[in-house]
Amino acid sequence: MDEMEQNLVLEVRQLFAGYEEKRRGKTAKMGVLNGVDFIIHAGERVGLVGESGCGKSTLAKCIFGMVTPQSGEVIHHTTAPQMVFQDPFTALNPAHTIRWTLEEPLRVQGIPKAERETRVLEMLEKIELTEDILDRKPDTLSGGQRQRVSIGAALMQRPQFILADEPVSALDVTIQAQILKLLEDLGEELNLSILFISHDLNVVSQLCHRVLVMEHGHIVEQGTVAQVFDHPQHPYTKQLLAVE
């Protein structure tokens, strides 16, 4: 067994989740996740694809404890997992500077100011931004700069696992490519595991090692990007690829 097989960062086991809906005066339970099952290894970048409404966002919320599943379990083998959101503008506090945003996770941990400042400068270098942005607020930055700050803020506590929920869908194609390259480089440099949620199969093919295909709350196919994209087995996967 190689190192990647030994080192798990996340296990999702037979996850069922849903919500209640009122119908004709009666409460009906609506399933969203129906037995979702997968693992992520250390340093692995895994794409989760599927059409809107298939359960991707509910799964993300279950992984971070924002939704309690009806059954099954989410097992984190690392501490302080983090999330990068689709819209960096709403994810960043508009009232605070970029310096505050990057320092705050460390301040909460009680890390001394001198070390906080050092780590902020180190992170700026990693996310390829310059010191002049530190005293600016989010509304003065471009969309690409804001997403770089969001990624940097997520990495300040040095997590081994992040979940990126459609992190490039709000950006134009050129900036998308830059952010994807940044995530790839950070993944390699930090041995970072990433669950990358997207509806864009082309984006997933650029970044990820493996892909999970979700339809109606089920993982209907999974494998390496080459296996799934070049030799799809499930009709739904074939349909998604045909649309692309």
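Quick note: structure is the one above.
So, how was this worked out
The residue count restarts for each chain, going from 1 along the sequence in the order it is written. Local features are withheld for residues below a pLDDT of 70 in this predicted model, meaning they are given only at 70 or higher, and side-chain atom pairs are given and counted only at 80 or more; totals for whole chains, interfaces and linings count all residues. Side-chain numbers here rest on the full set of heavy atoms in the structure, without hydrogens or water. Criterion for a disulfide: a pair of cysteine sulfur atoms within 2.5 Å. Burial classes follow relative accessibility: with a 1.4 Å probe on protein chains only, a residue under 20% of its type's maximum area counts as buried, one over 50% as exposed, and anything between as partly exposed. Under the DSSP-based scheme used, a helix requires at least four consecutive residues in state H or I and a strand at least two consecutive residues in state E, with every element numbered from the N terminus. Residue contacts are defined here by distance: any two heavy atoms, one from each residue, within 4.5 Å place the two residues in contact. One bridge is not enough; two strands pair if DSSP finds at least two bridges between them. All axes here are fitted lines through C-alpha atoms, helices being fitted over the stretch that makes contact, and every angle between N-to-C directions spans 0 to 180 degrees. Here is the rule for angles: anything less than 35 degrees is roughly parallel, anything more than 145 is roughly antiparallel, 65 through 115 is roughly perpendicular, and the remaining ranges are oblique. Note on convention: the crossing is left-handed when the near helix lies turned anticlockwise from the far helix by less than a right angle, right-handed when the turn is clockwise. Definitions used for this entry: grid spacing 1 Å over protein atoms alone; cavity, a set of points where a 1.4 Å probe fits but cannot get out; pocket, an open set with protein on both sides within 12 Å along at least 5 of 7 lines; lining residue, one with an atom within 4 Å of a point. Grid points are joined across faces, edges and corners, and a volume is the space filled by probe spheres set on the points. Classification convention: Asp, Glu, Lys, Arg as charged; Ala, Val, Leu, Ile, Met, Phe, Trp, Tyr, Cys, Pro as nonpolar; all other residues, Gly among them, as polar. We define a nonpolar core as any set of buried Ala, Val, Leu, Ile, Met, Phe, Trp, Tyr and Cys residues linked to one another through side-chain atoms lying within 4.5 Å. Salt bridges are identified by distance alone: a Lys or Arg side-chain nitrogen within 4 Å of an Asp or Glu carboxyl oxygen.

A.B. asks: What is the right way to read the state of the cysteines from this model?
C.D. replies: A covalent bond bridging the sulfur atoms of two cysteines is what the word disulfide describes. Per the counting criterion, the structure on display carries zero disulfides. Between Cys62, a cysteine without a disulfide, and Cys54, which holds the nearest cysteine sulfur, the sulfur-to-sulfur distance is 13 Å. Not engaged in a disulfide, the cysteine Cys208 finds its nearest cysteine sulfur in Cys54; these two sulfurs lie 15 Å apart. The class of Cys208 is buried, set by a relative accessible area of 9%.

A.B. asks: Just checking my understanding: could you explain unusual backbone geometry for this structure?
C.D. replies: Trans is the common state for peptide bonds, and a negative phi is the common state for residues other than glycine. Positive phi values are uncommon outside glycine, yet Glu128 reaches one of about 60°. Structurally, the position occupied by Glu128 is in the loop between helix 5 (113-126) and helix 6 (143-155). At His216, a residue that is not glycine, the phi angle is positive and equals roughly 50°. Residue position: His216 is located in the loop between strand 8 (210-215) and strand 9 (218-224). We classify His216 as exposed; its relative accessible area is 60%.

A.B. asks: Can you walk me through helix 4 (residues 98-108) in this structure?
C.D. replies: Since there are 3.6 residues in each turn of an α-helix, residues three or four apart along the chain are aligned in direction. Residues of helix 4 that are buried include every one of Ile98, Thr101, Leu102, Glu103, Pro105 and Leu106, and no others. Summarising the contacts, the buried residues of helix 4 are in contact with helix 5 and helix 6. Following helix 4 by one or two positions, Gly110 has its phi on the positive side, about 80°.

A.B. asks: Is there a simple way to explain the sheet that holds strand 9 in this structure?
C.D. replies: By way of backbone hydrogen bonds, the strands of a sheet pair with one another, either parallel or antiparallel. Taken in spatial order, the six strands line up as 5-6-7-3-8-9 in an open sheet, and their pairing is mixed. Here the strands that pair on one side only, and so sit at the sheet edges, are strand 5 (82-84) and strand 9. Strand-to-strand, the axes of this sheet are offset by a mean angle of 20°, without reference to chain direction. In this fold helix 6 packs onto strand 5 and strand 6 (161-165), with an angle of close to 175° to the strand it touches most, strand 5.

A.B. asks: Which parts of the structure should I look at to understand the packing of helix 4 against helix 5?
C.D. replies: Geometrically, a packed helix pair is captured by the angle between its two axes and the distance between the axes. In contact at an axis separation of 9 Å, helix 4 and helix 5 are set at 135° when each is read in the N-to-C sense. Relative to helix 5, the element helix 4 lies oblique. Between helix 4 and helix 5 the crossing geometry is right-handed. Every residue of helix 5 that contacts helix 4 at Leu102, Glu103, Leu106 and Arg107 is listed here: Lys113, Arg116, Glu117, Arg119, Val120 and Leu124.

A.B. asks: Would you take a moment to explain the layout of surface pockets for this structure?
C.D. replies: In this approach the atoms are scanned with a rolling probe the size of a water molecule, which exposes any empty space left behind. The volume enclosed by the largest pocket comes to roughly 350 Å³. Taken together, 17 residues line the largest pocket, and the ones lying closest to its centre are Gln82, Met83, Ala91, Ala153 and Ala154. For the lining of the largest pocket, the secondary structure elements donating two or more residues are strand 5, helix 4 and helix 6. In terms of residue count, helix 4 provides more of the lining of the largest pocket than any other element does, four residues in total. Tallied by class, residues from the lining of the largest pocket come to 11 nonpolar, five polar and one charged. Estimates place the volume of the second largest pocket at around 230 Å³. Lining the second largest pocket we find 14 residues, and of these Ser52, Gly53, Lys56, Ser57 and Glu166 sit closest to its centre.

A.B. asks: What is the right way to look at the side chain of Arg148 in this model?
C.D. replies: Following the sequence through the fold, Arg148 ends up in helix 6. The contact partners of Arg148, leaving out residues within four places of it in the chain, are Ile127, Glu128, Leu129, Gln178, Ile179 and Leu182.

A.B. asks: I keep staring at the nonpolar core and nothing clicks. Help me out?
C.D. replies: Taken as a class, soluble globular proteins show a tendency for nonpolar side chains to be buried jointly. Membership of the largest hydrophobic core comes to 45 residues, with the highest contact counts inside it found for Leu102, Val149, Ile151, Leu183 and Phe196. Residues within four places of Phe196 in sequence aside, it is in contact with Val46, Gly47, Leu48, Ala164, Pro167, Val168, Leu180, Leu183, Val203, Val204, Leu207 and Cys208. Counting residues in hydrophobic clusters, the runner-up holds 26 residues, among them Ile40, Cys62, Ile63 and Leu212.

A.B. asks: Looking at this structure, how should I read the pattern of salt bridges?
C.D. replies: Side-chain pairing between opposite charges can occur once the charged atoms of the two side chains come close. Taken as a whole, this structure holds 14 salt bridges when the rule is applied. The salt bridge involving Glu188 is made with Arg45; its shortest N-O contact spans 3.2 Å. Of this pair, Glu188 sits in helix 7 (residues 173-190) while Arg45 sits in strand 3 (residues 45-49), placing them 143 residues apart in sequence.

A.B. asks: Please explain helix 2 (residues 56-63) as it appears in this structure.
C.D. replies: The buried count for helix 2 comes to six of eight residues, which makes it a mostly enclosed element. What helix 2 keeps buried is the set Lys56, Thr58, Leu59, Ala60, Cys62 and Ile63. Gly65 occupies a position one or two residues after helix 2 and carries a positive phi of about 75°.

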